[in-house]
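Structural features, examined
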Amino acid sequence: MTSVVRCLLVVLTVMVTNIVEPLAGEVNISGQLKQQIELRLKQLNKQALKSIKSSNGEIIDCISIANQPAFDHPMLKNHTIQMTPSSYPTPSNDEEQPENTVQPWQLVGECPENTIPIKRITKEDLLRVDDLKNYGKKSNISQPSVDNGHEYAITSVNAGPYGGTKAQINVWKPRVQEIDEASFSQIWIAGGKFDAGLNSIQAGSHVHPALYGDNNPRFFIYWTSDNYQNTGCYNLLCSGFVQINKRLTPGYLLTPISTYNGQQYKFTIKIWKDPKTRNWWLQLNEKELIGYWPKELFTHLSDEGASVIEWGGEVVNKKKNGQHTTTEMGSGHFPSEGFGKASSFEVIKIIDMNGVITDPVKVKTLVSRPNCYNLKTGYDKQFEVFFYYGGPGRNPKCP
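Everything quoted here is computed from the prediction, not taken from an experiment.

As a further point, take the nonpolar core. Ranked by internal contacts, the top residues of the largest apolar core, which has 78 residues, are F219, I269, L282, W293 and W311. Among the elements that line this core, the one with the most residues is strand β8 (residues 218–224), at 5 residues. Contact partners of L282, with chain neighbours within four places excluded, come to A203, F219, I221, F241, I269, K270, I271, E288, L289, I290, G291 and W293.

Set out below in structure tokens:
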């Protein structure tokens, strides 16, 4: 299996005209709802020092790094920004990495020093959700083995404590049937038990029409310290995650996209706990430090390492008309089809509490409905621990 990413600026310029597919529909709103939306927009959007309108219609606001949403958190009022980790996990990588990601807005301009880019939230974004207050939040989610409207094809280890993980994720554009459904390819880092005190850090790729208003794969992050009850959110839609990168921000478009039986593209996520500050760092493609989740956000993940790490796919299944959704996971093809056809996680590693990168051992698998989505693990010299996963959702064997 080989995958060489060549994300050329000229190619991207052509691609961005076809990337974004906004969800259409004009909505008449009452005066009261309009006031509520305006108030919520003021809460979500920080004052910009510079704004950049992308070719896809999105507006990127360049926010002072010291005035970012993170510092609205009561535990971070006197927080000192950590611009670099105190140390990096070892050994360093030797696998090939994607070239620098260029976003559509970067073809127009760039954010100044000491600012960070954040996608501006619009009225249309808020009109797609039922609960303005909880925009950007997940509802309470039970343990993956429980049928809760979420379906999984994941691998995991649970012999912690762990200090982090890394993996390469194949980039695909799964089709999502309903606006309130979503498809995820992600990493979960969890501390504590699956109860009200669960701590979780997440990162990966998802197609989430309700959140973005389109059907494109985007890089995302999430966190919670109470099993999704009151804390946490996607990306920078609440206080918490501290961003330091002035080029990339959670929620950015993932391009190029892999093609069936054609060119394959991927990106690398690395998350690890800083041994000195106890903050949890996020890095992409071994070179882009995005930022960190401060230790103050957590209980278990602050004092301890992770108890569980999971990798794989998830689909929100709303079962419209009593039928299983046709929302795809991964490439939309079953893992039995193999490389170039099924989606994959490659070079999967764990990071121990001393910052040493090793292969995961005693890996477990969990598949909610094998006839809808499935998973197949493997190992080879180039991609080491890997697995194929995914599926089409509803089909003759998955009614």
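Attention now moves to the state of the cysteines. Per the stated rule, a full pass over the model turns up 3 disulfides. Disulfide pairing is shown between C62 and C111; the S-S distance is 2.1 Å. What sets the handedness of the C62 and C111 disulfide is the S-S torsion sign, and at about -80° it is left-handed. One end of the pair, C62, is in strand β2 (residues 59–64); the other, C111, is in the loop between β2 and β3 (115–119), and 49 residues separate them in sequence.

Glancing now at the packing of aromatic side chains. As enumerated under the stated definition, the model contains 15 aromatic pairs in all. Grouped by ring-pair contacts, the aromatic residues F184, F220, Y222, Y228 and Y234 constitute a single cluster. Residue placement shows K138 over the ring face of F184; its charged tip is 5.1 Å from the ring centre. Directly above the aromatic system of W272 lies the positively charged group of K270, at a separation of 5.8 Å from the ring centroid.

Another point: the layout of surface pockets. Quantified by volume, the largest pocket comes out at close to 1,000 Å³. In this structure, the largest pocket is lined by 45 residues; those nearest its centre are N134, G136, K137, K138 and S139. Elements that contribute at least two residues to the lining of the largest pocket include exactly α2 (31–44), α4 (209–212) and β13 (308–316). The biggest single contributor to the lining of the largest pocket is α2, with 3 residues. In the lining of the largest pocket, the residues fall into 17 nonpolar, 15 polar and 13 charged.

Quick look at the pattern of salt bridges now. The tally for this structure, following the rule as stated, stands at 17 salt bridges. For K320, the salt bridge identified is with E178, shortest N-O distance 3.6 Å. Placement of K320 in the loop between β13 and β14 (343–351) and of E178 in the loop between β5 (164–170) and β6 (183–191) is noted, with a sequence separation of 142 residues between them. Taking the shortest distance from any N to any O, the salt bridge between K295 and E296 comes out at 3.3 Å. Residue class for K295 comes out partly exposed when judged on its relative accessible area of 23%. Given the relative accessible area of 25%, E296 is considered partly exposed. Residues joined in a network through salt bridges with shared partners are E58, D214 and R218.

Its place among the elements puts N317 in the loop between β13 and β14. Only 3.0 Å separates the side chain of N317 from the side chain of E151, close enough to count as a polar contact. Sequence-distant contacts of N317, defined by excluding residues within four places in its chain, comprise G149, E151, E181, Q323, H324 and T325.

Turning our attention to the pairing of β8. The buried fraction of β8 is high, at 7 of 7 residues. Residues R218, F220, Y222 and T224 point to one face of β8 and F219, I221 and W223 to the other, with burial holding for every one of them.

The next point concerns the side chain of K166. Secondary-structure assignment places K166 in strand β5. In this structure the side chain of K166 is engaged in a polar contact, spanning 2.6 Å, whose partner is the side chain of E286.

A few words on the confidence of the model for the protein chain. Mean pLDDT for the protein chain: 91, with 90% of residues reaching 70 or above. The low-confidence segment residues 1–21, where pLDDT is below 50, has 53 contacts with residues more than four positions distant or belonging to other chains.

Okay, the environment of P117 next. Looking at where P117 falls in the secondary structure, it is placed in strand β3. A relative accessible area of 0% places P117 in the buried class. Separated by 55 residues in the primary sequence, P117 and C62 place their C-alpha atoms 4.6 Å from one another. Among residues more than four places away in sequence, those in contact with P117 are I60, D61, W105, C111, Q243, N245, K246, R247, L248 and T249.

Cut-offs applied
Residues numbered from 1 in each chain as written. Predicted model: local features only at pLDDT ≥ 70, side-chain atom pairs only at ≥ 80, totals over all residues. Heavy atoms only, no water. Core = buried A, V, L, I, M, F, W, Y, C linked by side-chain atoms within 4.5 Å. Buried < 20%, exposed > 50% of the residue type's maximum accessible area, 1.4 Å probe, protein only. Helix = DSSP H or I, 4+ residues; strand = E, 2+ residues; numbered from the N terminus. Contact = heavy atoms within 4.5 Å. Disulfide = S-S within 2.5 Å. Phe/Tyr/Trp six-rings, centres within 6.5 Å; stacked < 30°, edge-to-face > 60°. Lys NZ or Arg CZ within 6 Å of the ring centre and 35° of its normal. 1 Å grid on protein atoms, 1.4 Å probe; cavity = no way out; pocket = protein on both sides within 12 Å on 5 of 7 lines; lining within 4 Å. Points joined across faces, edges and corners; volume = space filled by probe spheres on them. Nonpolar A, V, L, I, M, F, W, Y, C, P; charged D, E, K, R; others polar. Salt bridge = Lys/Arg side-chain N within 4 Å of Asp/Glu carboxyl O. Polar contact = N/O pair within 3.5 Å; in protein donor to acceptor, adjacent residues only side chain to side chain. pLDDT = per-residue confidence, 0-100.

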